[in-house]
Amino acid sequence: MNNPKTRLALLGTMSDLHKQPICYDLACLQNIVAELAPDLLCAEVTREAWEQGDISQSSVEIRESLAPVIAVTDTVLIPVAPTPQQFSDFAPRDGWRYRLVKMFDRFFRWGQIQANNPEAVNGPWFGAFCHTVCMATELLWSAEQRAAWENQNKQLAENIVHTIQRDTGRRVLVAVQCQRLHHLIPLLRAHSDLFDIMGYQYL
Amino acid sequence: MRRPHEITVSIGGGRALDRAGLAALLASLPGFHVIPQDNDPPPQVLVWATYTDSMELPLLKSGTKLLLLTETTTEDSLPDAVHGLFSREETTSALAIAIRQIARGEQYLSPTLATAILEKRQSKSRRASPEMSLVDELTEREREIVDLLAQGLSNKLIASKLYLSVRTVEGHLANIYLRLGVHSRTEAMLMAMKVR
């Protein structure tokens, strides 16, 4: 049986930015998933945590938005996170680097105020802003932290590719924290023979 | 206002308070639009609440699938014209999955009701059957699916366990029905439960 080519869309989420004083209404994320009704939703939760039904360590959008919508729709959640660590977990804990990261956090907060809906968060303006601030922040991490972050993104991309290889021809939505997008997009584009990547609106 | 991807559902049978409760519950879930039973066009799925003292079934309009909400069953198969039997013991999210499954033309049978049906069948016929050898002929993936089917899991739960899409599981199920020579989910499920 010849399945059509897999359609893949990446949806950047605010994730740990929800810890900032500004909180978004997570219902918009729920509506996107319910209306797109993808066959598979790759999300940042480890397989171990998902199988144990313990998502307490996952980001707020998985706990309060994605998991509830997955429970009542036909979309299947694929846990693709190799470890529970998120962008903010790699930040230095003290010293001048810590203070500078805190300053970049304030930039993020400002960006978060400007990009106050999923379209904006996934649009080119916030994409370029997030990319620049994230790159600058990552430069403040130690070489080990940067390598661990890059390695985590590589493993995450591999898990997404394995998901697609196991079940070809499906509509796959990848919901990851926006700070990962500039790493994940080139890693996934290297497999463009397996799937077509598109904006989430076109899935 | 109904969105294009939403499944239209009506509630019938039972008591007025049950119907109101079910309608409110379904209206709160994404992807469902609750409409009156006599709506034109008719609903895609009619959820019909029954009680042991009253098993009267409604007349169905063309294109409407019937999901019976029940406590138990005295039948030895899924009754004709019924596309799903849903136990009141199951969860809210399972109801949403059951409605979606039968709206796509699949059958749904709650695990406790499947067990009741199987017990009913086994008491009627005790002779040896060739099911075991038929199941042996399935591929490894198909056997995995048959095993999960025997546990009474919905297509969604089978897909979630195997990290596959629901559509892929339904494709495998179609092959399984063909290979086992059965014509419905109920038959395949009962056969799978026998060989476990």
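All of these numbers come straight from a predicted model, not from anything done at the bench.

(A) Focus on the sheet that holds strand S4 (residues 171-177) of chain A. Residue and element names in this part refer to chain A. A sheet is described by the order of its strands in space; here five strands give the open sequence S3-S2-S4-S1-S5, paired in parallel fashion. Looking at strand neighbours, the two that pair on one side only are strand S3 (76-79) and strand S5 (195-198), the edges of this open sheet. With direction set aside, neighbouring strand axes in the sheet form an average angle of 25°. Here strand S2 (residues 40-43) pairs with S4 via four bridges, running parallel.

(B) Spatial organisation of unusual backbone geometry. With omega at 0°, the peptide bond leading from B:Asp40 into B:Pro41 counts as cis. Relative to the assigned elements, B:Pro41 resides in the loop between strand S2 (32-34) and strand S3 (45-49). Positive phi outside glycine occurs at A:Ala37, with the angle close to 45°. With respect to the element layout, A:Ala37 can be found in the loop between helix H1 (27-36) and S2. Residue class for A:Ala37 comes out partly exposed when judged on its relative accessible area of 38%. Within the chain, B:Tyr163 stands out as a residue other than glycine whose phi angle is a positive 55°.

(C) Up close: the environment of B:Thr70. Residue and element names in this part refer to chain B. As for its position among the elements, Thr70 is in strand S4 (residues 65-70). Along the chain, Thr70 and Ser110 lie 40 residues apart, while their C-alpha atoms are 9.9 Å from each other. Apart from residues no more than four positions distant in its own chain, Thr70 is found in contact with Thr50, Leu85, Phe86, Ser87, Arg88 and Leu113.

(D) Inspection of helix H4 (residues 95-114) of chain A at higher detail. Residues and elements named next belong to chain A. The end-to-end C-alpha separation of H4 is 30 Å, in line with the 28 Å expected for 20 residues at 1.5 Å each. Every buried residue of H4 is accounted for by Val101, Phe104, Phe108, Gly111 and Gln112. Looking straight down H4, one finds that the buried residues subtend no more than 100° of arc, so they occupy a single side. Every exposed residue of H4 that faces more than 90 degrees away from the buried side is listed here: Trp96, Arg99 and Arg106. In the core, the buried residues of H4 are packed alongside helix H6 (124-139).

(E) Region of the structure containing the side chain of B:Ser154. Take B:Ser154: it is sitting in the loop between helix H5 (140-150) and helix H6 (155-162). Residue contacts for B:Ser154: discarding those within four places in its chain leaves B:Ile97, B:Gln101, B:Tyr108 and B:Arg185.

(F) Examining the domain arrangement of chain B more closely. All names here are of chain B. Domain parsing of chain B yields domain 1 (7-119) and domain 2 (128-195). Once you take the C-alpha centre of each, domain 1 and domain 2 turn out to be 23 Å apart. On the domain 2 side, the residues contacting the 13 residues of domain 1 number 16 residues. Around 1,200 Å² of area is buried between domain 1 and domain 2 when both sides are counted, 64% of it from carbon and sulfur atoms. In this assembly, domain 1 and domain 2 are joined by one salt bridge.

(G) Focus on the sheet that holds S4(B). Residue and element names in this part refer to chain B. The strand order across the open sheet formed by six strands is S2-S1-S3-S4-S5-S6, and the pairing between neighbours is parallel. The sheet is open, and its two borders are formed by S2 and strand S6 (108-109), each paired with just one other strand. As judged from the five bridges shared by S3 and S4, these two strands associate in the parallel manner. Note that in S4 the partner of Val45 across the bridge is Lys65. Contacting strand S1 (7-13), S2, S3 and S4, helix H1 (residues 16-28) crosses the sheet at an angle of about 165° to S1. Strands S1, S2, S3, S4, strand S5 (84-87) and S6 of the sheet are contacted by helix H2 (residues 92-103), whose axis makes an angle of about 150° with S4.

(H) Looking closely at the confidence of the model for chain B. Chain-level pLDDT for chain B is 85 on average; 87% of the residues reach the 70-or-more range. Confidence, expressed as mean pLDDT per element, reaches its minimum in chain B at helix H4 (residues 131-136) of chain B with 72 and its maximum at H6(B) with 95.

(I) Focus on the pattern of salt bridges. Overall, the coordinates contain 11 salt bridges over all chains when judged by the stated rule. A salt bridge links A:Lys5 to A:Asp196, with the nearest nitrogen and oxygen atoms 3.3 Å apart. One end of the pair, A:Lys5, is in the segment before strand S1 (6-13); the other, A:Asp196, is in strand S5, with 191 residues separating them in the sequence. Residue class for A:Lys5 comes out partly exposed when judged on its relative accessible area of 38%. A salt bridge links B:Glu142 to B:Arg179; the nearest nitrogen and oxygen atoms lie 3.6 Å apart.

Cut-offs applied
Residues numbered from 1 in each chain as written. Chains lettered and ligands numbered in written order. Predicted model: local features only at pLDDT ≥ 70, side-chain atom pairs only at ≥ 80, totals over all residues. Heavy atoms only, no water. Pairing = 2+ DSSP bridges. Helix = DSSP H or I, 4+ residues; strand = E, 2+ residues; numbered from the N terminus. Axes fitted to C-alpha atoms, helices over the stretch in contact; angles between N-to-C directions. Buried < 20%, exposed > 50% of the residue type's maximum accessible area, 1.4 Å probe, protein only. Contact = heavy atoms within 4.5 Å. Expected span 1.5 Å × (residues − 1). Arc of directions from axis to C-beta. Domains from an automatic or database assignment. Buried area = accessible area lost by both parts, 1.4 Å probe. Salt bridge = Lys/Arg side-chain N within 4 Å of Asp/Glu carboxyl O. pLDDT = per-residue confidence, 0-100.

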